[in-house]
Amino acid sequence: MFTTEQKDEEIKSNYKAVTNHLPNFKIESVETAPEEILTKVKMEMETADNKGLIVAIDNYTWLKDKYEIKSLKWLDRELSKLQRANQNDKPITLIKVFHTNDKYREYKPVENHHVQGGQNITNLTKNFIFLTPCGKGSDTRILKIGKDKIGGTKDTVLILRYAGTDPRQFVFEEEMKESEALPQRQSNQKRGSAQQNINSIEASKTSNVPSKRGPKEKFSIQQLQEMHQELENGSTWRQILENRGIEFSKNKTKGIKTAFKRHGLRG
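The paragraphs below set out a description of the structure included in this document. Predicted model, so just to flag it, every value in this text is computed and none were measured.

**Focus: the pattern of salt bridges**
If you walk through the whole model with that rule in mind, you get eight salt bridges. Across the pair Asp 76 and Lys 96 runs a salt bridge, and its minimum N-O distance is 2.3 Å. Residue Asp 76 is located in helix α5 (residues 69–85), and its partner Lys 96 is located in strand β4 (residues 92–97); the two are separated by 20 residues in the primary sequence. In this structure, a network of salt bridges that share partners links the residues Glu 111, Lys 144 and Glu 178.

Next up, the structure:
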């Protein structure tokens, strides 16, 4: 697995249980060119057995921002060639992670055009699924098929719930219409206001009473608790913010952490 958002210390903390249970699991914190990713995959293929290899790249959005789309198309072609050449003796499964763009709103159905990078990015996949927030609780997620070249798309979505295991896993809960599974829009949150709200979040230093907001806090206690729960369930800060249509930055997470501290939430 290649991760572009986590440093070595974060990897040790977040994936300790995974590495303990899966001795063949390898994860690298990389800020590397597509050519180097391909080289590392080829090296792993030399020692892989007939069970093959699973290659996960988290995430293509970061790669798109750092390198030209033609470099990603080249990487995709080369990985596909390697996949076809070894399909009979050392099968390769490719998992590519993408983020949504700033047009996505969690209370509306997610579509392929909400992927950051647009059609050029989704064309790099044979199958595409979305994992988004769910209105049934902060420990649940909606799994939606965005593209399936074999089975086609469905009118319903799957509801997954965190299993409470270590390492973290999902369990299937039910299947339902997407419109019924979406989170409700916050009545006090207007479109486009989330960016402004999170920039101005600041906790009061005069009180430690969890039931009140600081004078400059723009998120409700419930919203902060939901974000905290998502963080506890394994979501990254980037996912938490971008799922709410907010562009990720360290300054914004710092403001939320300050609010967490005021209300007795560890984060």
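**Some thoughts on the packing of helix α3 (residues 34–47) against α5**
The interhelical angle for the contact between α3 and α5, taken along N-to-C directions, is 15 degrees, at an axis separation of 9 Å. If you check the angle between α3 and α5, you find them roughly parallel. Crossing angle aside, the handedness with which α3 passes α5 is right-handed. Residue-level inspection shows Pro 34, Glu 35, Ile 37, Leu 38, Val 41, Lys 42 and Met 45 of α3 in contact with α5, the latter providing Ser 71, Leu 72, Trp 74, Leu 75, Glu 78, Leu 79 and Leu 82. Residues of the contact of α3 with α5, tallied by class, amount to ten nonpolar, one polar and three charged.

**Some details on the packing of aromatic side chains**
The tally for this structure, following the rule as stated, stands at four aromatic pairs. A ring pair is formed by Phe 98 and Phe 128, whose centres lie 5.3 Å apart and whose planes are at 35 degrees; its orientation type is tilted. Here Phe 98, found in the loop between β4 and α6 (119–122), pairs with Phe 128, found in strand β5 (residues 127–133); they are 30 residues apart in sequence, far enough to count as distant. Judged by its relative accessible area of 15%, Phe 98 falls in the buried class. We classify Phe 128 as buried; its relative accessible area is 6%. Each residue in the set Phe 98, Phe 128 and Phe 130 is aromatic and connected to the rest through ring pairs, giving one cluster.

**Structural notes on α3**
Three- or four-residue spacings in an α-helix give side chains the same orientation, since the helix completes a turn every 3.6 residues. Those residues of α3 that sit buried are Pro 34, Ile 37, Leu 38, Val 41 and Met 45. Along the axis of α3, the buried residues cluster in a sector spanning 95 degrees; they form a single face. Those residues of α3 that are exposed and aimed more than 90 degrees away from the buried face are Met 43, Glu 46 and Thr 47. For α3, the elements touching its buried residues are β1 (2–3), β3 (53–58), α4 (60–66), α5 and β4.

Rules used in this analysis
Residues numbered from 1 in each chain as written. Predicted model: local features only at pLDDT ≥ 70, side-chain atom pairs only at ≥ 80, totals over all residues. Heavy atoms only, no water. Salt bridge = Lys/Arg side-chain N within 4 Å of Asp/Glu carboxyl O. Helix = DSSP H or I, 4+ residues; strand = E, 2+ residues; numbered from the N terminus. Axes fitted to C-alpha atoms, helices over the stretch in contact; angles between N-to-C directions. Parallel < 35°, antiparallel > 145°, perpendicular 65-115°, else oblique. Left-handed = near helix turned anticlockwise from the far one by under 90°. Contact = heavy atoms within 4.5 Å. Nonpolar A, V, L, I, M, F, W, Y, C, P; charged D, E, K, R; others polar. Phe/Tyr/Trp six-rings, centres within 6.5 Å; stacked < 30°, edge-to-face > 60°. Buried < 20%, exposed > 50% of the residue type's maximum accessible area, 1.4 Å probe, protein only. Arc of directions from axis to C-beta.

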